[in-house]
Amino acid sequence: MAFDVSTVRAQFPALRRRVHGRPLVWLDAASTSQKPQVVLDAVLHAMEGAANVHRGVHTLSVEATSAFEATRDSVATLLGGVARDEVVFVRGTTEAVNLVAQTLGRARVGQGDEVLVTQLEHHSNLVPWQQLCAERGATLRTAPLDELGQVDLAAFTALVTERTRLVAVAHASNALGTVLPVRAMADVAHAVGAVLFVDGAQAIAHGPVDVNALGCDFYAFSSHKLYGPTGVGVLWGRRALLDSMPPWQSGGDMVAEVERTSATWREPPHRFEAGTPDVTGVIGLGAAVDWFQSLGPAAVADHDQRLLRHAMARLADVPGLRFIGEASARIGLVSFVMDDVHAHDLGSAVDREGMAIRTGHHCAQPVMAHFGLSATARASFSAFTTTDELDLLASALVRARRSLGLAR
Ligand code: PLP
């Protein structure tokens, strides 16, 4: 079935909103996604008959448990057909990184060991590794970027040593859109016995993801960037690694047997899901995953790349505009600056025309440092984004420049 953007758009109530009297143009998908009606319905339905999961024998609890666990199956399929018990529900990508850093990380990384990240990581996939290294007396190494905002594989490889225990990289950069050569990085990491953690927060909504083809050991993403609710996300991990990891948080639901002074743990994934989970959020995520699958991730990726080519061509004509990050492999996202105009002023100017773009350091200050900037403007695309909207953005940026008194 051909990818029909107008059919996709009709499913998003947010797109019927007007902002400053104009139809909303949502170009901030990298920050969070708008939600299709099926997700809103699933969330409402879950809350209308609220019940806890895994605990009750009564009908509502059995229904909630079955809807909750169905999401695990949907996610297992989404990630390329992994085992359902390798799918752990967490609060989001940030929590997934912290979980791995504080369990597997503490067990594997010791004095004098090394953890390797890249210079384009979001703070969420950087600060927890900084903390781990500081705590363990380990060294954090950073693979550098080139002038296009790509991670040079040779430079990355040169930083992997016999002391490298863990490598943590983004699948795609939120600040630049760069897609990383994860498969090749996995081979390099595994050659020295290191574990590869992949932050999939940005890649997940832009096309197919097959964690086995990527060769990684962990993959994390947030529901809210995949058309689902906030407050929930996924950590996928290889079963043997999850088995080897101690619990992260403890309490109800993650224990097998509890005695007065001791307890034993359940198997993964439940070992890592202490307490009442975000039942509503997980059910909403399931609806989002099923909806995304119904579009076809490969068709979404084609659409995304068409949008990217269109945006690059149109924005290149905007006087004074300079792209930041021009990697050869990218998701649908463009970062840019404009001569003599602060990114925030651009953001405010286009907001007055109903357009949402993101401005700032995008929680990726090492990326900004690489380009000698404090902020960029970023337009990021959704499955419902149209080329007409990108034309509107380009003309709004030209008007913004003029309204700020810059002739060209
Ligand atoms: N990693 C990347 C690449 C991101 O873009 C983000 C969010 O913008 C995160 C991690 C953190 O995700 P969350 O705030 O949903 O935990």
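Residues numbered from 1 in each chain as written. Predicted model: local features only at pLDDT ≥ 70, side-chain atom pairs only at ≥ 80, totals over all residues. Heavy atoms only, no water.

### Considering helix α3 (residues 59-78)
Okay, step 1: Over its 20 residues, α3 runs 29 Å from end to end, which matches the ideal 28 Å to within 8%, given 1.5 Å per residue.
Okay, step 2: Contacts made by the buried residues of α3 are with β4 (87-90), β9 (218-222), β10 (233-237) and α10 (279-295).
Okay, step 3: Looking one or two residues beyond α3, the residue adopting positive phi is Gly-80, at roughly 105°. (Helix = DSSP H or I, 4+ residues; strand = E, 2+ residues; numbered from the N terminus. Expected span 1.5 Å × (residues − 1). Contact = heavy atoms within 4.5 Å.)

### Concerning the nonpolar core
Okay, step 1: Ranked by internal contacts, the top residues of the largest apolar core, which has 81 residues, are Leu-79, Phe-156, Tyr-219, Phe-221, Leu-226 and Tyr-227.
Okay, step 2: A per-element tally of this core places α10 first, with 10 residues.
Okay, step 3: In this structure, Leu-226 is in contact with Ser-33, Leu-78, Ile-204, Ala-205, Phe-221, Ala-288, Val-289 and Phe-292, ignoring residues within four places of it in sequence.
Okay, step 4: In terms of nonpolar packing, the next biggest core, distinct from the first, is built from 31 residues, Leu-307, Leu-308, Leu-315 and Ala-375 among them. (Core = buried A, V, L, I, M, F, W, Y, C linked by side-chain atoms within 4.5 Å. Buried < 20%, exposed > 50% of the residue type's maximum accessible area, 1.4 Å probe, protein only.)

### Details of the site of the ligand
Okay, step 1: Taken together, Gly-92, Thr-93, Thr-94, His-122, Ser-124, Asn-174, Asp-199, Ala-201, Gln-202, Ser-222, His-224 and Lys-225 make up the full set of residues near the ligand.
Okay, step 2: In the environment of the ligand, an oxygen atom lies 3.3 Å from a nitrogen or oxygen atom belonging to the side chain of His-122.
Okay, step 3: Of the residues assigned to the shell around the ligand, the class counts are 1 nonpolar, 9 polar and 2 charged. (Near = heavy atom within 4 Å. Polar contact = N/O pair within 3.5 Å; in protein donor to acceptor, adjacent residues only side chain to side chain. Nonpolar A, V, L, I, M, F, W, Y, C, P; charged D, E, K, R; others polar.)

### Things to note about the sheet that holds strand β17 (residues 376-380)
Okay, step 1: Taken in spatial order, the 4 strands of this open sheet run β13-β14-β17-β16, and their pairing is antiparallel. The open sheet has two edge strands with one neighbour each: β13 (321-323) and β16 (358-360). Along the sheet, successive strands turn relative to each other by an average axial angle of 30°, direction set aside.
Okay, step 2: Bridging between β13 and strand β14 (residues 333-338) involves 3 bridges; their strand directions are antiparallel. The residue bridging Leu-321 from the neighbouring strand is Met-338, located in β14.
Okay, step 3: Contacting β14, β16 and β17, helix α12 (residues 343-351) crosses the sheet at an angle of about 160° to β16. (Pairing = 2+ DSSP bridges. Axes fitted to C-alpha atoms, helices over the stretch in contact; angles between N-to-C directions.)

### Points about the domain arrangement of the protein
Okay, step 1: Domain boundaries assigned for the protein yield domain 1 (5-30 + 296-403) and domain 2 (40-294).
Okay, step 2: Here the C-alpha centre of domain 2 lies 28 Å away from the C-alpha centre of domain 1.
Okay, step 3: In total, domain 1 and domain 2 occlude about 2,700 Å² of area from one another, counting both sides; carbon and sulfur atoms represent 60% of this.
Okay, step 4: Of all residues in domain 1, the largest losses of buried area upon contact with domain 2 belong to Pro-297, Ile-331 and His-370, amounting jointly to 21% of the total for that side.
Okay, step 5: If you look at where domain 1 meets domain 2, you find 20 residue pairs in polar contact (both at pLDDT 80 or more).
Okay, step 6: Among the elements of the structure, α11 (297-315), β14 and α13 (365-371) are those that each provide at least two residues to the side of domain 1 that touches domain 2.
Okay, step 7: Partitioning the side of domain 1 that touches domain 2 into residue classes produces 22 nonpolar, 11 polar and 4 charged. (Domains from an automatic or database assignment. Buried area = accessible area lost by both parts, 1.4 Å probe.)

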